[in-house]
Amino acid sequence: MSLSHKHQCREIITKAICGKGRKFSTVTHTVTPPNNPTSILGAWIINHQYEAVAAGDGIEVIGTYDVNIWYSYDKNSQTDVAKETVSYVERVPLSYLDPKHRAATVEVSAEATQEPSCVEASVSSNGTSVILRVEREYAVELVAETKVVVKVCTNHHGDYEDKEFDYALGDDVDDYEDLDYEGLEDEL
């Protein structure tokens, strides 16, 4: 069987980004400090660590971070810092997924486009705990082997050795006669 010389194509197997996704989320955490809080003086999230794993038609971001809450208690006469480690699993759906990628070659990655940050902290209505509202955002990619079809040109379009090229500037060559080339070199 011969291939047509006019439309000859090849399939190339290559690594490519075969899936992408992004997810912004707001979550609520409840932390119960050893003393009943009167007011919240500050709330921080530190030590954020995460990894990405493939999960069906999405990617799961699995991670932890430490929540530190500076609060007052005993009618605002004492202060303390409550610390708690929070574990989470965030499922990020893929807005694009190449259905023909080779599943055995999948590699996933995630980037925190917005690190987890506390946007609101308040004392609960019963006065025994602190309610935190945390925002976070992730962008994920799925890289795998896939097939790409390319057209094969048999006319040797890259063979320019026997060609002559004219690099004339055209009719406006005189426009460049007054240029101060020495001054141009000094500006660099």
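Residues numbered from 1 in each chain as written. Predicted model: local features only at pLDDT ≥ 70, side-chain atom pairs only at ≥ 80, totals over all residues. Heavy atoms only, no water.

In the nomenclature of an unreviewed UniProt entry, the chain is known as Spore coat protein of Paenibacillus glucanolyticus.

J.: Just to check I follow, could you spell out the overall build of the chain for this structure?
T.: Check the secondary structure of the chain and you find one helix and seven strands. Per-residue burial over the chain gives 27% buried out of 188 residues. When contacts within the chain are restricted to residue pairs at least 6 apart in sequence, long-range pairs at least 24 apart make up 76% of them. Carbon together with sulfur atoms contributes 48% to the accessible area of the chain, which is approximately 13,200 Å² in total. (Helix = DSSP H or I, 4+ residues; strand = E, 2+ residues; numbered from the N terminus. Buried < 20%, exposed > 50% of the residue type's maximum accessible area, 1.4 Å probe, protein only. Contact = heavy atoms within 4.5 Å. Areas by Shrake-Rupley, 256 points an atom, 1.4 Å probe, with all protein chains shown as cover.)

J.: Please explain the sheet that holds strand S2 (residues 37–55) as it appears in this structure.
T.: Through backbone hydrogen bonds, the strands of a sheet pair up, either in parallel or in antiparallel fashion. If you walk across this open sheet you meet the three strands as S2-S3-S4, and the pairing is antiparallel. In the strand order of this sheet, the two ends are held by S2 and strand S4 (78–93), each with one partner. Taking the axes of each pair of neighbouring strands and ignoring which way they run, one obtains an average angle of 15 degrees across the sheet. The sheet contact formed by strand S3 (residues 58–73) and S4 spans 16 bridges and is antiparallel. Across the sheet, the residue bridging to Thr64 is Ser87, located in S4. (Pairing = 2+ DSSP bridges. Axes fitted to C-alpha atoms, helices over the stretch in contact; angles between N-to-C directions.)

J.: Please clarify how the sheet that holds strand S1 (residues 8–31) should be interpreted in this entry.
T.: Read across the sheet, four strands follow the order S5-S1-S7-S6 without closing on themselves; strand pairing throughout is antiparallel. Edge positions in the open sheet fall to strand S5 (96–97) and strand S6 (107–123), since each of these has one partner strand only. Pairing analysis gives 13 bridges linking S6 to strand S7 (residues 130–152), with the strands arranged antiparallel. Paired with Ala121 across the two strands is Leu132, which belongs to S7.

J.: I keep staring at the side chain of Ser129 and nothing clicks. Help me out?
T.: Take Ser129: it is sitting in the loop between S6 and S7. If we skip the residues at most four places from it in the chain, Ser129 touches Thr30, Val31, Thr32, Pro33, Pro37, Ser122, Val123 and Ser124.

J.: In this structure, what is going on with the packing of aromatic side chains? I would like to understand it.
T.: Tallied over the entire structure, the rule returns four aromatic pairs. Summarising the aromatic geometry, the rings of Tyr50 and Tyr138 are spaced 5.6 Å apart at their centres and angled 65 degrees between planes, so their arrangement reads as edge-to-face. Of the two residues, Tyr50 sits in strand S2 while Tyr138 sits in strand S7, which places them 88 residues apart along the sequence. The class for Tyr50 is partly exposed, based on a relative accessible area of 29%. Geometrically, the ring pair formed by Tyr71 and Tyr73 is tilted, given 5.9 Å between the ring centres and 40 degrees between the ring planes. Like Tyr71, the residue Tyr73 is buried in the burial classification. Members of the aromatic cluster, joined through ring pairs, are Tyr50, Tyr65, Tyr88 and Tyr138. The positively charged end of Arg136 is found above the aromatic ring belonging to Tyr88, 4.3 Å away from the centroid. (Phe/Tyr/Trp six-rings, centres within 6.5 Å; stacked < 30°, edge-to-face > 60°. Lys NZ or Arg CZ within 6 Å of the ring centre and 35° of its normal.)

J.: When you look at the pattern of salt bridges in this model, what are you seeing that I'm missing?
T.: Charged atoms that come close allow side chains of opposite charge to pair. On inspection of all chains with the given rule, the structure shows nine salt bridges. Glu90 serves as the salt-bridge partner of Arg136, at 3.0 Å between the closest nitrogen and oxygen. Residue Arg136 is found in strand S7, and its partner Glu90 is found in strand S4; the two are separated by 46 residues along the sequence. Classification of Glu90 as buried rests on a relative accessible area of 6%. The structure contains a network of salt bridges with shared partners spanning Lys23, Glu90 and Arg136. (Salt bridge = Lys/Arg side-chain N within 4 Å of Asp/Glu carboxyl O.)

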